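Chain by chain, the residues run as shown.
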Amino acid sequence: MEVFPLLLVLSIWWSRTWESANADSIIHIGAIFDESAKKDDEVFRTAVGDLNQNEEILQTEKITFSVTFVDGNNPFQAVQEACELMNQGILALVSSIGCTSAGSLQSLADAMHIPHLFIQRSTAGTPRSGCGLTRSNRNDDYTLSVRPPVYLNDVILRVVTEYAWQKFIIFYDSEYDIRGIQEFLDKVSQQGMDVALQKVENNINKMITTLFATMRIEELNRYRDTLRRAILVMNPATAKSFITEVVETNLVAFDCHWIIINEEINDVDVQELVRRSIGRLTIIRQTFPVPQNISQRCFRGNHRISSTLCDPKDPFAQSMEISNLYIYDTVLLLANAFHKKLEDRKWHSMASLSCIRKNSKPWQGGRSMLDTIKKGGVNGLTGELEFGENGGNPNVHFEILGTNYGEELGRGVRKLGCWNPVTGLNGSLTDKKLENNMRGVVLRVVTVLEEPFVMVSENVLGKPKKYQGFSIDVLDALSNYLGFNYEIYVAPDHKYGSPQEDGTWNGLVGELVFKRADIGISALTITPDRENVVDFTTRYMDYSVGVLLRRAEKTVDMFACLAPFDLSLWACIAGTVLLVGLLVYLLNWLNPPRLQMGSMTSTTLYNSMWFVYGSFVQQGGEVPYTTLATRMMMGAWWLFALIVISSYTANLAAFLTITRIESSIQSLQDLSKQTDIPYGTVLDSAVYEHVRIKGVNPFERDSMYSQMWRMINRSNGSENNVLESQAGIQKVKFGNYAFVWDAAVLEYVAINDADCSFYTIGNTVADRGYGIALQHGSPYRDVFSQRILELQQNGDMDILRHKWWPKNGQCDLYSSVDTKQKGGALDIKSFAGVFCILAAGIVLSCFIAMLETWWNKRKGSRVPSKEASSLPNESTSSEGRNAWPLRPCLKFSSNTWRSQASSHGLHQSSQLGGPLEDP
């Protein structure tokens, strides 16, 4: 076809060859193959040769054929070549081309009534996409699809669902039509799965190099995380090269799980893919039934297949594509249809058809031949080949192969299950990364000392250090369940890890990045920056930021009994007592009361004051004041005293049983608003970065954290921050300082302080958590996470937590004064002032008694004779008074009585032994 003379010679030769063949046989078929599918032609010729040797099928007849090659992407050429074949007179047309030309051949076959057996093939073994051939229920549909429909969407959806994947990436080669999995993408999107797509270029090495050149370290690590779950929709050759590149460039790790789906994967491809990959590999391919009896592998009923096609050990058979197998079975199916037509004696001779002329008529025997082909069926290399009502082959089986997780290359592969459109999945698929048996595995563990997560329990010279703590208990629980052993060491710089200026990491995280340790455990929080370079298990404890402060020392107040009232109120009460006593005296002086006989109370200022004070302290006493004004005054005073005493009693009980909170810092907001107590954290720690981001980042800025950052960042962080957490704790204990750090660590310090000198405040909302760090791509992440979830679910994690953070500790975490969690008994300090007042009263009364004694003695020494001579007169006058006659009808006024008493030498202050009464 390169030059015209050559084309002319070939046409003359082909014409003569066809005439010779046509003269020898009445069975002639045409075939159109893609120009890249030379093996289709070989298998087609082999099939015709095998059938021509089988006299039981066609008896004495022989099959003749005409084969032509076309460009699969040129429909016009395909139609032109098909017309040439029809012009030669064919009973059926066999085509093995792509979808681009299949539609044109379908239209031509329908018009000319030539049975068309279409075998879909894809370029270079790339997975097929649905051709979308137009099917109708009318009788003019002469195209039969030999290969089953494309079920890749259904198979992969079921496998992904069984594996419970929620996030994965799909790689496809440049020859694949991505519209082939559109149905799958729609369904996973409806189920909430996160799916990414990436096209794999022909130059894979250049593509990988570009990734490393254009991506930053954080982006590259996120990309590595995405590659843990991937689906490869590509031809086997591209899949092998792609897997090799990503493994050699360390883009995937031992915990990755990839699914390769392609109908065109043979046994050699499976072994090669497994050999080149790491992690877990699942392979989905189309499979065909193989006779159990080895001697019967090359026999299908009364037909014997060439050994080059049916022997699995034959190199030609190992390299055959699925389209080759269907071509052989198609020829076998046509031969059986021809046999049936010959037996029924309903043969329709071939006719030379012209596609060019408008008035050309279709083949009259086309419908009969099509019905015979559709009703027939054969058991060939692909199993049962038959057609349904829609002209398609429903028989298809997929095999699901897979490996286990492992670090070594070339692991064994085993069958996991199978799938077909009738029964669905037959088998159990699970995505367990590691078995629970890790016996014999020794892990190197890096840690940072932090109470109570990791502490040294025993340090004997010459022996390895022994560690204890909450994180060590969690690690031991994992070790006992999974069976691994571990060696533990402290990070050389005693830091958790932060990024450096050159992009590297220091501390515990740096040990994992440089692969000097397998796992890292301590009070290590899960942060986005750390997750970019290492892997984390699920959190085993919630994390929040807390503040450690020193309790205010409890001052001894000897006069706590006076605390319920302010000093000004006490002064007002004292003044009120004096004022009311004075008013009572004045009221009685202005309007003297009528005293009853035998009353000893007089209306002196001293007695008035004493009576008001006695009624105020609720000591009662005789009421000598009978005037209405005085009684109104005393009634108001008693009501006042009742209210004051009741209020005092109530407040005194509260003040003696409840300690007043002296510190005003009870939350992070309180801490941020004050500047009297400086505060800080560990420099370049996760807490330091957390406060910085919350206080500086415009997208996450918080006013509280902005104020805290200004305090923490004084002098570029050197003024208020420390290098280690222990230094911050000591700074709080012996100075005016507040330490911002992990709430769990601070709570442990406050609970176990011997002097109970600390208290904590913090944020109750846990926005992060503590996790176990592992190398990026570690195969132990999922199995550790699963076991941690089991410990949390069955309550073992709570038991471990209460061991280090008991609910009933010796110290109160949240009280800001120096007090231990005991009962509310009152001590002597609370009543020291009362005893002092009593002691002062006793001393004062003793002093006054001594003063009175001294005064009386001094007065008596001056007038001794007068005292002795006055005794008889007093006696006489007393008798005279008692001898007065009573005159009840006579009434004296108070003034008259006083005047008469005065005339007789009687008065209230006289020594008569009692008060005077009205006669």
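Residues numbered from 1 in each chain as written. Predicted model: local features only at pLDDT ≥ 70, side-chain atom pairs only at ≥ 80, totals over all residues. Heavy atoms only, no water.

Undergrad: Tell me what's going on with a nonpolar patch on the surface, and back it up with residues and numbers.
TA: A surface patch of nonpolar side chains, about 650 Å² in accessible area, is lined by L844, F847, I848, L851, W854 and W855. You can see I848 is positioned in helix α29 (residues 832–862). Under the relative-accessibility criterion, I848 is labelled partly exposed at 39%. (Patch = residues over 30% accessible without salt bridge, like charges linked within 9 Å, V, L, I, M, F, W, Y side chains within 5 Å. Areas by Shrake-Rupley, 256 points an atom, 1.4 Å probe, with all protein chains shown as cover. Salt bridge = Lys/Arg side-chain N within 4 Å of Asp/Glu carboxyl O. Helix = DSSP H or I, 4+ residues; strand = E, 2+ residues; numbered from the N terminus. Buried < 20%, exposed > 50% of the residue type's maximum accessible area, 1.4 Å probe, protein only.)

Undergrad: Any chance you could break down the state of the cysteines for me, citing the residues and the numbers?
TA: Within this structure, the stated rule accounts for two disulfides. One disulfide in the model links C99 with C131; its S-S distance is 1.7 Å. The sign of the -75° torsion about the S-S bond sets the C99-C131 disulfide as left-handed. One end of the pair, C99, is in helix α5 (residues 99–112); the other, C131, is in the loop between β4 (116–118) and β5 (143–145), with 32 residues separating them in the sequence. Across the disulfide, C298 is cross-linked to C310 (sulfur-sulfur distance 1.7 Å). The S-S bond linking C298 to C310 shows a torsion near 80°; that makes this disulfide right-handed. Taken together, the residues C298 in the loop between β10 (280–286) and β11 (299–300) and C310 in helix α12 (residues 307–310) connect sequence positions 12 residues apart. The buried category is assigned to C310, whose relative accessible area is 10%. (Disulfide = S-S within 2.5 Å.)

Undergrad: I'd like a rundown of the sheet that holds strand β21 (residues 485–490), residues and numbers included.
TA: Note on sheets: strands pair through backbone hydrogen bonds, and any given pair is parallel or antiparallel. Pairing in this open sheet of five strands is mixed, and the strands run β21-β18-β22-β30-β23 from one edge to the other. On the outer flanks of this sheet lie β21 and β23 (535–536), each paired with one strand and no other. With two bridges joining them, strand β22 (residues 519–520) and strand β30 (residues 773–774) adopt antiparallel strand pairing. Bridging from a neighbouring strand, G520 pairs with A773 of β30. Across the sheet, helix α16 (residues 470–482) lies against β18 (442–447), β21 and β22, angled at about 160° from β21, the strand it touches most. (Pairing = 2+ DSSP bridges. Contact = heavy atoms within 4.5 Å. Axes fitted to C-alpha atoms, helices over the stretch in contact; angles between N-to-C directions.)

Undergrad: Tell me about the pattern of salt bridges, and please be specific about residues and values.
TA: Any two side chains of opposite charge can pair, given that their charged atoms come close. What the rule picks out here adds up to 28 salt bridges. For the salt bridge of R121 with E321, the shortest nitrogen-to-oxygen distance reads 3.2 Å. Here E321 lies in the loop between α13 (315–318) and α14 (322–344) and R121 lies in the loop between β4 and β5, a separation of 200 residues in the sequence. Looking at R121, the relative accessible area reads 11%, which means it is buried. The residue R179 makes a salt bridge to D177 at a minimum N-O spacing of 2.9 Å. A residue is classified by how much of its surface remains accessible, and R179, at 66% relative accessible area, is exposed. Through salt bridges with shared partners, a single ionic network connects D225, R228, R229, D535, R781 and D782.

Undergrad: Lay out the packing of helix α8 (residues 204–214) against helix α9 (residues 217–226) with the relevant residues and their values.
TA: For the pair α8 and α9, interaxial distance at closest approach is 8 Å and the crossing angle is 135°. Regarding the angle of α8 to α9, the classification is oblique. Along its contact with α8, which presents L211, F212 and T214, the element α9 presents E219, L220, Y223 and R224. Considered class by class, the residues forming the contact of α8 with α9 number four nonpolar, one polar and two charged. (Parallel < 35°, antiparallel > 145°, perpendicular 65-115°, else oblique. Nonpolar A, V, L, I, M, F, W, Y, C, P; charged D, E, K, R; others polar.)

Undergrad: So what about the side chain of T68? Which residues, and what values?
TA: Following the sequence through the fold, T68 ends up in strand β2 (residues 63–70). Relative accessible area serves as the criterion here: at 11%, T68 is assigned to the buried category. Ignoring any residue separated from it by four or fewer positions in sequence, one finds T68 in contact with A31, I32, F33, E81 and L85.

Undergrad: Give a detailed account of the environment of E219, specifying residues and quantitative values.
TA: With respect to the element layout, E219 can be found in helix α9. On the accessibility criterion, E219 (30% relative accessible area) is partly exposed. E219 sits 313 residues away from N532 along the chain, and the two C-alpha atoms are 8.0 Å apart.

Undergrad: So what's going on with unusual backbone geometry? Which residues, and what values?
TA: With an omega of -5°, the peptide bond between E451 and P452 qualifies as cis. The backbone of K515 sits at a positive phi, close to 60°, despite the residue not being glycine. In this structure, K515 sits in the loop between α17 (507–513) and β22. The phi dihedral of D684 falls on the positive side, at around 65°, and the residue is not glycine.

Undergrad: Quick one: what's the story with the sheet that holds strand β28 (residues 758–762), residue by residue and with numbers?
TA: Spatially, the four strands line up as an open sheet ordered β26-β27-β25-β28, and their pairing is mixed. Two strands in the sheet have a free side with no partner beyond their single neighbour: β26 (679–680) and β28. As judged from the five bridges shared by strand β25 (residues 545–550) and β28, these two strands associate in the antiparallel manner. When the bridges of β28 are listed, G546 appears paired with G762. Its contacts with the sheet put helix α25 (residues 725–733) on β25, β27 (738–742) and β28, and the angle it makes with β27 is roughly 145°.

Undergrad: Tell me about the packing of helix α23 (residues 686–696) against helix α24 (residues 703–712), and please be specific about residues and values.
TA: Two elements in contact, α23 and α24, have axes separated by 8 Å at closest approach and are oriented at 125°. Taken together, the axes of α23 and α24 lie oblique to each other. Relative to α24, the crossing made by α23 is left-handed. Contacts from Y688, H690, V691, R692, K694, G695 and V696 of α23 reach α24 at Y705, S706, M708, W709 and I712. Residues that form the contact of α23 with α24 fall into these classes: seven nonpolar, three polar and two charged. (Left-handed = near helix turned anticlockwise from the far one by under 90°.)

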